[in-house]
Amino acid sequence: MNQMDQTKFCCSVCLDLLKDPVTIPCGHSYCMNCIKTHWDGEENRKIYSCPQCRRTFTARPVLVKNTMLADLVEELKKTGLQAAPADHCYAGPEDVACDVCTGRKVKAFKSCLFCLASYCEKHLQRHYDVAPLKKHKLVEPSKKLQENICSRHDEVMKMFCRTDQQSICYLCSVDEHKGHDTVSAAAERTERQRELEVSRQNIQQRIQDREKDVKLLQQEVEAINQSADQTVEHSEKIFTELIHLIQKRSSDVKQQIRSQQEAEASRVKELQEKLEQEITELKRKDAELKQLSHTEDHIQFLHNYPSLSALSDSTDSSSINIRPLSYFEDVTAAVSEVRDKLHDILREEWTNISLTVTEVDVLLSDPPEPKTRAGFLKYSCEITLDPNTAYKELLLSEGNRKATLMKQKHYSDHPDRFTSYKQVLSRESLTGRCYWEVEWRGRVDVAVAYKNISRTGSVNECVFGCNDKSWSLDCDNNSYTFWYNNIQTPVSGPRSSRVGVYLDHRAGILSFYSVSETMTLLHRVQTTFTQPLYAGLWLYCNFGDTAEFIKLK
C-alpha cells in the first residue's frame, strides 16, 4: 500500500491513523474522540458541523463505530506502516492554529473570511477542490477572525455604517442602524483604499521631502564641521601669533634691559676706575707733601713746594651727588601697565567672541514665539537663586527657588552679594529660548540682568531696571510697570499672582505674561543682548513678601 493509500485512513482532525473510527451522516470518517471533541466545542450553538465539508446538523448525530474501517486500520498497523508523516509543523503559542485539527494542532496555512476559520494545508484542500468553497475569500492566517462576527447577532459583518463609522452585519442595518448611511464592506474598502493610496502618495512625497531635508542637513553638518575646524585652526594660529608677538616683545624688552644694563654698568665702572686712579694719585701727592712738610731745609722746601702743591684736574662726580641712581623699576611698571590693558581688552572682547560663537545658527528661520502656555512650557527651565548674591534679609527656601523678605540677616559678606537693595540673581545663566514663571505676593520686581550689574552703590548703578544692564517688571496689587535704563512704562493687563517670562536671547526678545487660566501678554522687549542673562527678584520693603520660581516640569 503506497503513501497515498495510507493517508485515506487518516483522521482529518488529528492527521493520525483512525482510532475507533466513526462515520457521520455526510459520509466523512473521524476518530471517535476527535469528532466528539470538535462537537463539544459547538455545543453552545446547538449546530454541529463536519470539519471537512462544513455540513451542519441541528441534532447531534449518534456516533457508532465503523467496524470495517477499524479492521482496515488494524491491517495497516500489522503491515508495519506508520501513521501520518512525522514532519508536521505544529502551531506554537504565537502561531495561528488550524481550527479543524484536534489534539496537537498544526499551523494554519490560510484563514477563510467566509467560514471564519483557519486551516492547515491538509484541511484547506477542500477549499481548492469543492466548487462552492472555491468562492470563499482566503487570506493569510489571522487570529482576529472573531472580530468579523457581530457580537449582537452572531452574524458575519459584511456591511459598514458610515454614519457611526463601524462595521455591522445585515441585521444591524435593518435594526439599530436603520436609516443610516450604510454600504457593503467591499464598497467602503474600495473607497478607503483610494484614500489609502492618496495617503501613501502623500507619505511617500513627505518621505522624499524629508530625505532631501536630511541630505541638506547632512551637508550643513559637514559645512559646520568644516567651518568649525577651519575657525579653530585660524583661531589657534592667531592666538599663536599673539603669543609669539608677546614672546618677541618680552625678548626685546629683556635684550634692551640687558644692553642698557651693560652700558650703564660699563659707564659706572669707567667712572669708578677714574676715581680710583685719582684716589691713588691724591694719596701719592699727600705722601709727598707730608714728607715735604717735615723738611728742615727752608730753601729746599721753597724750591720743591710749587711742583708738589699743583693738583691735576679732579673727575666730575657732581652727578653722583645731585640725584640718586635710577634703575629699571619704571620698566616693570610699564610692562605691568601693558599687561593690565591687554587683560582688560581680552575680558571685554571675550564676551563678544563668546556670543558670536553661540549665535551660530544654520537653520534659516527661528520658530515663532509660542501662542499657548503648552507651547511656552516646551522651553521651560528650572531656575534656582544664588545665595551668594542674595541681600542679607532675603531668606531663600524651597531648594533656593523661593525668596522671602525677613527682619533677620541670614548671610555673611560676599563680593557677589547685593548690599544696597533687597535683590537676588539666579545661579543659572540664560541663553537660547527659555521660559519660567514666578509666583509673587506683596510687591515684587521680576527681572533679568547681566551678571556684571553693580552689587552696591546708587539706584542707577545696581537697581533692576534703572540701568542698561537690567530689565524689570514691577508687580504690585494695583498695577504693573516696566523699567529699563531708569525709564518707566505703565503696563495694562489682568492682575495675577503669577508672571510668566519668555526669553529668546538670540532673537533679542523678552516678554512678560500674566498667567491665570489664560496667558495675557503684558510687555514685550525687542533688543540685542550682548551677554548671558540672569533671572532676578527685588522684594521692596514689606516683611513677609515672597517670590518663588515655580517648578514647571
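What you see is a predicted model; the values in this text were computed from it and never measured.

Caption draft 1: Representation of the overall build of the protein. Of regular secondary structure, the protein possesses 12 helices and 23 strands. Overall, the protein is about 190 × 75 × 45 Å in size when its C-alpha atoms are taken along their principal axes. Residue burial in the protein is summarised as follows: out of 553 residues, 31% are buried. The long-range fraction of contacts in the protein, counting pairs at least 24 apart against all pairs at least 6 apart in sequence, stands at 55%. The averaged location of the 79 negative side-chain charges in the protein is 11 Å from the averaged location of its 73 positive side-chain charges.

Caption draft 2: Layout of the pairing of strand 18 (residues 487–491). Here strand 17 (residues 480–484) runs beside strand 18; their pairing, made up of five bridges, is antiparallel. From the neighbouring strand, Thr481 faces strand 18, where its bridge partner is Pro490. Joining the antiparallel neighbours strand 17 and strand 18 is a turn of two residues, in which Asn485 adopts a positive phi near 55 degrees.

Caption draft 3: View of the nonpolar core. One finds Trp436, Trp471, Leu473, Leu510, Phe512, Leu537 and Phe549 to be the most contacted residues of the largest nonpolar core, which totals 39 residues. Not counting residues within four places of it along the chain, the set of residues in contact with Phe549 comprises Ile383, Leu385, Arg401, Trp436, Glu437, Val438, Ala535 and Leu537.

Caption draft 4: Inspection of unusual backbone geometry at higher detail. At Asp154, a position not held by glycine, the phi torsion is positive, near 60 degrees. The topology assignment puts Asp154 in the loop between strand 7 (138–139) and strand 8 (159–161). Positive phi, close to 50 degrees, is recorded for Glu398, a residue that is not glycine. The residue Glu398 is located in the loop between strand 11 (394–397) and strand 12 (402–405) in this model.

Caption draft 5: Molecular detail of the packing of aromatic side chains. Applying the stated criterion to the full structure yields 13 aromatic pairs. Judged by centre distance (6.1 Å) and plane angle (85 degrees), the rings of Tyr421 and Trp538 are edge-to-face. You can see Tyr421 sitting in the loop between strand 12 and strand 13 (423–425) and its partner Trp538 sitting in strand 22 (residues 533–539), a full 117 residues away along the chain. Residue class for Tyr421 comes out partly exposed when judged on its relative accessible area of 24%. Geometrically, the ring pair formed by Trp538 and Tyr540 is stacked, given 4.2 Å between the ring centres and 20 degrees between the ring planes. A relative accessible area of 12% places Trp538 in the buried class. Three or more aromatic residues link up through ring pairs in this structure, and these residues are Phe376, Tyr379, Tyr435, Tyr502 and Tyr513. Across from the ring centre of Tyr379, 4.4 Å away, lies the NZ or CZ of Arg433, which sits over that ring.

Caption draft 6: Summary view of the packing of helix 7 (residues 185–293) against helix 8 (residues 298–309). It is the contact of helix 7 with helix 8, at a shortest axis distance of 11 Å, that shows an interaxial angle of 165 degrees. Looking at the two axes, helix 7 sits roughly antiparallel to helix 8. Judged by the sense of rotation from one axis to the other, the crossing of helix 7 with helix 8 is left-handed. Contact with helix 7, carried on its side by Lys285, Glu288, Leu289, Leu292 and Ser293, involves Phe301, Asn304, Tyr305, Ser307, Leu308 and Ser309 of helix 8 and no other residues of that element. Of the residues contributing to the contact of helix 7 with helix 8, the split by class is five nonpolar, four polar and two charged.

Caption draft 7: Representation of helix 7 in the model. Here helix 7 contains 109 residues, and its C-alpha end-to-end distance of 153 Å stays within 8% of the 162 Å for a straight helix at 1.5 Å per residue. Regarding helix 7, the residues found buried are Glu188, Glu278, Lys285 and Leu292.

Caption draft 8: Broad picture of the sheet that holds strand 10 (residues 182–184). Taking strand neighbours across the sheet as the criterion, the three strands line up as 9-8-10 in an open arrangement whose pairing is antiparallel. The sheet is open, and its two edges are formed by strand 9 (166–168) and strand 10, each paired on a single side. The average undirected angle you get between the axes of adjacent strands in this sheet is 35 degrees. Note: strand 8 against strand 9, three bridges, orientation antiparallel. Counted as the bridge partner of Phe160 is Ser167 from strand 9. Contacts from helix 7 reach strand 8 and strand 10, with the element oriented near 90 degrees to strand 10.

The rules behind these values
- Per chain, residues are indexed from 1 in the order of the written sequence.
- Totals for whole chains, interfaces and linings use all residues, but because this is a predicted model, local features are given only for residues with pLDDT of at least 70 and pairs of side-chain atoms are given and counted only at 80 or more.
- Processing note: side-chain calculations cover all non-hydrogen atoms of the structure and skip hydrogens and water entirely.
- Helix and strand definitions here come from DSSP, where helices need a minimum of 4 consecutive H or I residues and strands a minimum of 2 consecutive E residues; each element is numbered from the N-terminal end.
- Only protein chains enter the calculation, and the probe is 1.4 Å; a residue is then buried if its accessible area is under 20% of its type maximum, exposed if over 50%, and partly exposed in between.
- Contacts are residue-level and defined by heavy atoms, with any inter-residue pair within 4.5 Å sufficient.
- Here Asp and Glu are counted as negative and Lys and Arg as positive; His is not counted, and neither are the chain ends.
- For this purpose, a charge sits on NZ of Lys, CZ of Arg, CG of Asp or CD of Glu.
- Strand pairing requires that DSSP identify at least two bridges connecting the strands.
- The term nonpolar core refers to a set of buried residues drawn from Ala, Val, Leu, Ile, Met, Phe, Trp, Tyr and Cys, joined through side-chain atoms within 4.5 Å.
- Classification of ring pairs uses Phe, Tyr and Trp, with its six-membered ring standing for Trp, and accepts pairs whose centres are within 6.5 Å; under 30 degrees between planes counts as stacked, over 60 as edge-to-face, and the remaining range as tilted.
- Sitting over a ring, as applied to charges here, requires NZ of Lys or CZ of Arg to be within 6 Å of the ring centre and within 35 degrees of the ring normal.
- The convention used is that axes are lines fitted to C-alpha atoms, helices contributing only their stretch in contact, and that angles between N-to-C directions extend from 0 to 180 degrees.
- Angle categories: roughly parallel below 35 degrees, roughly antiparallel above 145, roughly perpendicular from 65 to 115, and oblique for all the rest.
- Left-handed describes a crossing whose near helix is turned anticlockwise from the far helix through less than a right angle; right-handed describes the clockwise counterpart.
- Polar here means any residue outside two lists: the nonpolar Ala, Val, Leu, Ile, Met, Phe, Trp, Tyr, Cys and Pro, and the charged Asp, Glu, Lys and Arg; Gly therefore counts as polar.
- To estimate how far a helix should reach, multiply one less than its number of residues by 1.5 Å.

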